[in-house]
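Reading the structure
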Protein chains: 2
Amino acid sequence: MQRLNSTADDFEAKFARIVDDRRESDAGVARDVQEILAEVRRDGDNTLRNLTMRFDKYALTDDPETWSIGKDRCAAAFEALSDEARGALELAASRIRAYHGGQMPKDRDFRDDANVRLGAKWFPVEAAGLYVPGGRAAYPSSLLMNAIPAKVAGVERLVVCTPTPNGEVNDMVLAAAHLCEIEEIWRVGGAHAVGAMAYGTEKFRPVDVITGPGNAWVAEAKRQLYGVVGIDMVAGPSEILVISDNKSDPDWVAADLLSQAEHDPTSQSILITDDAVFAEMVEDAVDVLCAQLSTKETARKSWDDHGVLIVVEDLLRDAPPLANRLAAEHIELMVDEPDTFFTKIRHAGSAFLGRHTPEAIGDYVAGPNHVLPTGRRARFASGLSVLDFMKRTSFLEADADALAAIGPAAAILADIEGLPAHAASVKVRLK
Amino acid sequence: MQRLNSTADDFEAKFARIVDDRRESDAGVARDVQEILAEVRRDGDNTLRNLTMRFDKYALTDDPETWSIGKDRCAAAFEALSDEARGALELAASRIRAYHGGQMPKDRDFRDDANVRLGAKWFPVEAAGLYVPGGRAAYPSSLLMNAIPAKVAGVERLVVCTPTPNGEVNDMVLAAAHLCEIEEIWRVGGAHAVGAMAYGTEKFRPVDVITGPGNAWVAEAKRQLYGVVGIDMVAGPSEILVISDNKSDPDWVAADLLSQAEHDPTSQSILITDDAVFAEMVEDAVDVLCAQLSTKETARKSWDDHGVLIVVEDLLRDAPPLANRLAAEHIELMVDEPDTFFTKIRHAGSAFLGRHTPEAIGDYVAGPNHVLPTGRRARFASGLSVLDFMKRTSFLEADADALAAIGPAAAILADIEGLPAHAASVKVRLK
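Each value, and the rule that gives it
- Residues numbered from 1 in each chain as written.
- Chains lettered and ligands numbered in written order.
- Predicted model: local features only at pLDDT ≥ 70, side-chain atom pairs only at ≥ 80, totals over all residues.
- Heavy atoms only, no water.
- UniProt positions renumbered as here; feature names shortened; annotations may be inferred.
- Helix = DSSP H or I, 4+ residues; strand = E, 2+ residues; numbered from the N terminus.
- Buried < 20%, exposed > 50% of the residue type's maximum accessible area, 1.4 Å probe, protein only.
- Contact = heavy atoms within 4.5 Å.
- Areas by Shrake-Rupley, 256 points an atom, 1.4 Å probe, with all protein chains shown as cover.
- Lys, Arg positive; Asp, Glu negative; His and termini not counted.
- Charge placed at Lys NZ, Arg CZ, Asp CG, Glu CD.
- Least-squares fit on C-alpha atoms with pLDDT ≥ 70 in both.
- Buried area = accessible area lost by both parts, 1.4 Å probe.
- Salt bridge = Lys/Arg side-chain N within 4 Å of Asp/Glu carboxyl O.
- Polar contact = N/O pair within 3.5 Å; in protein donor to acceptor, adjacent residues only side chain to side chain.
- Nonpolar A, V, L, I, M, F, W, Y, C, P; charged D, E, K, R; others polar.
- Disulfide = S-S within 2.5 Å.
- Pairing = 2+ DSSP bridges.
- Axes fitted to C-alpha atoms, helices over the stretch in contact; angles between N-to-C directions.

Under an unreviewed UniProt entry, the name given to chain A is Histidinol dehydrogenase, and the source organism is Aurantiacibacter sediminis. The annotation that UniProt attaches to chain A under Catalytic activity (unreviewed entry) is "L-histidinol + 2 NAD(+) + H2O = L-histidine + 2 NADH + 3 H(+)". Of chain A, the UniProt comment under Pathway (unreviewed entry) reads exactly: "Amino-acid biosynthesis; L-histidine biosynthesis; L-histidine from 5-phospho-alpha-D-ribose 1-diphosphate: step 9/9."

Rendered as structure tokens:
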């Protein structure tokens, strides 16, 4: 864990190093993935069979039942939930649905001064593939966060791919799949699953968009297939930036910092405060709480390797510019008047205002998406939304008079650009 | 050129081959680009100097003037335009600006039933890099189509990179740059220019988003840098699909088909009609017009290699499903009641309704963007818009009561997912 003071001589150098440190390494991964994708393309289901045996020790046989998980099994998993768990999942689903419903874009259709009809129509894609990691990162909340925007957008066919190492499935994920009305669940994971959804195989009908979290191989496969399909943003390790004055409870701040740290050793938690004593109190609280966590090993390593405590002179003056350079996935504003700070924040995936808004409620039940840009990508990228599952067709319509009004300018520009058929297509109609 | 008849036995096989033929080849390009980008990252301006000499035979020296083109020179190019050219450019710019102004997304800020404040704020990215090809594909219209949405979005810094082979610049492009108030124009092209804009060098401050057309190396560089920066969709060869009954003038249809064909030998022009005699008339008209074009060599090759005439039985019944499988960049509906057809079209980049709406007016002056998804990507991608230069920060705010209402469900789900610090960050506040 690093302690920085904004008045120190070496602050800028140290802070710049934190901003530049992507905590991502892809040595070798790109080549591996390239080979896997080429193999899936060439050899389809056979490749899936081989790689699933190699990586998951799970046999995909001639029995179709070994390849996928049926809707009955998902329904049973849902029925088997405790009332508490089912209630929590349903509350989350209904709030996520409501928030994303407000994202639906509006079509346009109007005539302008030249009597040209102009507009744009939005459509959902036909099919979306959702990757759900296996093992400990198999989160039902991720399934909700990926599937619900697709459903709200109107996507007809939702396909899930998830590895089942040694044949083990995660019942909470199946329950969430039931709640989201997923049609197909395939017991295939890794880069090859992403390739199968993008290219299609004998068994897989290809999809149009692939989203969902995964390890470095999955993320790289999505990156390489960008353009063959649509994808959500390239995702890296999680981050949280907490901006807090000294009136917050250090235990609250510590829990929030650790809630990112426990995700992965490469996660990053940063506190910016204007009180060095408060920073120390948070540091102590982190140590105390961390020791009690079942995730302490991961959380400790993340905090030790990537945690940062930054003390500045004037919180409102100094913290927002630093926050904008960090462009964090999550930013908490634990101050009395969070809006005063928020109006100065331009680059962040999602913002959590005030002391009673822990980032974790955004992960599960608040409504906005928890799939957010990481690794400073909030400079140019947004969280997952219904727009990731939709696309727009622009359109125009002119009659003879409208074409007479704007056509000649098009013909002039076409001639200038040396494109005579473009010009001819206008001129022939103006005769 | 292929002639297909939808009632023929081999129609489905032949049509499927057309749908699957991406007309894109990237053998070797990916590796070359990987090396160039690594070199730019390692050796910055020095690499730009070497590669610009190698590819463009142009010397970037110690004189900063050799690196960029000043605003004075752009202003002079604009002043030197004929009244006709200036008027056409200004009409195009103002119409593009007006159409894209209507794309600005709205912020959200509301309280829901649980008294949780929720919302989303949109911001422009800070800097965008626009690639402008050199030589014969240096189109002022492309500069307008890329720069104006960025300006409308509110992007502060617009950077253009364009190769100037043998030092030659395109005055029309400079005039368009003046009109778009471009701040920086660099005389660097190719994959290395894209790398310089993404990573930054000694001379280049990095940008957040890179858009604009380019050759296979430029397109591949953008693809590889996706995630380091935002990019517009991967672009391939242009396409037009014309759906026409036999009441259209064959000369009009021929001009429209050739207006795509003249772009590049890999462009594709397809006609679907319900009258075999009409199809032959169009074929003859293509031959006649093509012979008159200064671009005849390119247009001929494109038409011979990739042109398709499809005759169907029932235009309204048969054409839209085929169109949706082709998911063409441009679709023209040259029929009496184009809306009847348009309501059946789900996958297309841009639609041109009626007989008086040649695609070329969309290329220049109509207003919607001419940067559109190619290679069947309209299944999942949209044309360039202000959204490509903006991003969204979601936000939420809870007070103690609101957290008490939705927090317990979050804690339950966090516990189920084995993330105790997530649960603790809620529970500690509910005490």
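This brings us to the overall build of chain A. Within chain A, the secondary structure is distributed over 16 helices and 14 strands. Judged by the C-alpha coordinates and their principal axes, chain A covers about 80 × 60 × 45 Å. Expressed as a percentage of its 431 residues, the buried residues of chain A come to 63%. Long-range pairs, those at least 24 residues apart, make up 75% of the contacts in chain A between residues at least 6 apart in sequence. In the form shown here, chain A has an accessible surface area of approximately 15900 Å², with 49% of it arising from carbon and sulfur atoms. For chain A, the distance from the average position of its 46 positive side-chain charges to the average position of its 68 negative side-chain charges is 6 Å.

Attention shifts here to the relation of the copies chain A and chain B. Of the two same-sequence chains, chain A is brought onto chain B (RMSD 0.0 Å, axial shift 0.0 Å) by a rotation of 180°. The operation mapping one copy onto its partner corresponds to a two-fold rotation axis. A share of 100% of the interface residues of chain A reappears at the interface of chain B, consistent with the copies meeting face to face through the same patch.

Interface size is often expressed as the accessible area that is lost when the parts come together. Across the boundary between the two partners, chain A contributes 126 residues, which contact 126 residues of chain B. Of all residues in chain A, Tyr226(A), Arg346(A) and Arg429(A) bury the most surface against chain B, accounting for 8% of the area lost on that side. The interface formed by chain A and chain B contains 10 salt bridges. With a closest N to O distance of 2.9 Å, Asp339(B) and Arg117(A) form a salt bridge. Linking chain A with chain B are 69 residue pairs in polar contact (both at pLDDT 80 or more). The biggest single contributor to the side of chain A that touches chain B is helix α15 (residues 400-416) of chain A, with 10 residues. Among the residues forming the side of chain A that touches chain B, the class breakdown is 71 nonpolar, 27 polar and 28 charged.

The next thing to look at is the UniProt feature "binding site: substrate" (unreviewed entry) in chain A. Residue and element names in this part refer to chain A. Look at the UniProt record and you will see "binding site: substrate" (unreviewed entry) annotated at Ser-238, Gln-260, His-263, His-330, Asp-363, Glu-417 and His-422. Look at the named residues: they lie 185 residues apart in sequence, and the longest C-alpha span between them is 55.5 Å, so in the fold they stay spread out. Inspection of the secondary structure puts Ser-238 in the loop between β8 (230-231) and β9 (239-244). Taking relative accessible area as the criterion, Ser-238 reaches 15% and is therefore assigned buried. Beyond its immediate chain neighbours, meaning those up to four positions away, Ser-238 contacts Arg-23, Gln-260, His-263, Ser-267, Gln-268, Glu-329, His-330 and Thr-374. With near-sequence residues (within four places) excluded, His-330 lies in contact with Ser-238, Glu-239, Ile-240, Leu-241, Gln-260, Ser-350, Phe-352, Glu-359, Asp-363 and Leu-372.

Inspection of every chain in the model, using the stated rule, returns 0 disulfides over all chains. The thiol of Cys161(B) is not disulfide-bonded; the next cysteine sulfur, from Cys74(B), is found 13 Å away.

In regular strands, side chains alternate between the two faces of the sheet. The pairing of strand β2 (residues 108-111) of chain A with strand β3 (residues 117-124) of chain A spans 4 bridges and is antiparallel. From the neighbouring strand, Arg111(A) faces β3(A), where its bridge partner is Arg117(A).

Residues and elements named next belong to chain B. One open sheet accounts for 5 strands, arranged β6-β5-β4-β7-β8; its pairing is parallel. The strands lining the two open edges of the sheet, one partner per strand, are β6 (184-186) and β8 (230-231). By the bridge criterion, 3 bridges tie strand β4 (residues 127-131) to strand β7 (residues 209-211) in an arrangement that is parallel. Note on β7: the bridge partner recorded for Leu-130 is Thr-211. Strands in contact with helix α7 (residues 190-199) are β4, β5 (157-161) and β7; relative to β4, the strand with the most contacts, it is inclined by about 175°.

All names here are of chain A. Inspection of the secondary structure puts Asp-72 in helix α3 (residues 71-79). The exposure class of Asp-72 is exposed, given its relative accessible area of 66%. Sequence-wise, Asp-72 and His-178 are 106 residues apart; in three dimensions their C-alpha atoms are separated by 8.8 Å.

Further remarks concern the sheet that holds strand β10 (residues 268-273) of chain A. Spatial strand order, β1(A)-β11(A)-β10(A)-β9(A)-β12(A)-β13(A)-β14(B)-β3(B)-β2(B): 9 strands in an open sheet with mixed pairing. Bordering the open sheet on either side are β1 (2-5) of chain A together with β2 (108-111) of chain B, each of which pairs with just one other strand. Averaged over neighbouring strand pairs, the angle between their axes works out to 15° when direction is ignored. Of the strand pairs in this sheet, strand β13 (residues 350-353) of chain A and strand β14 (residues 390-397) of chain B are connected by 4 bridges, and their pairing is parallel.

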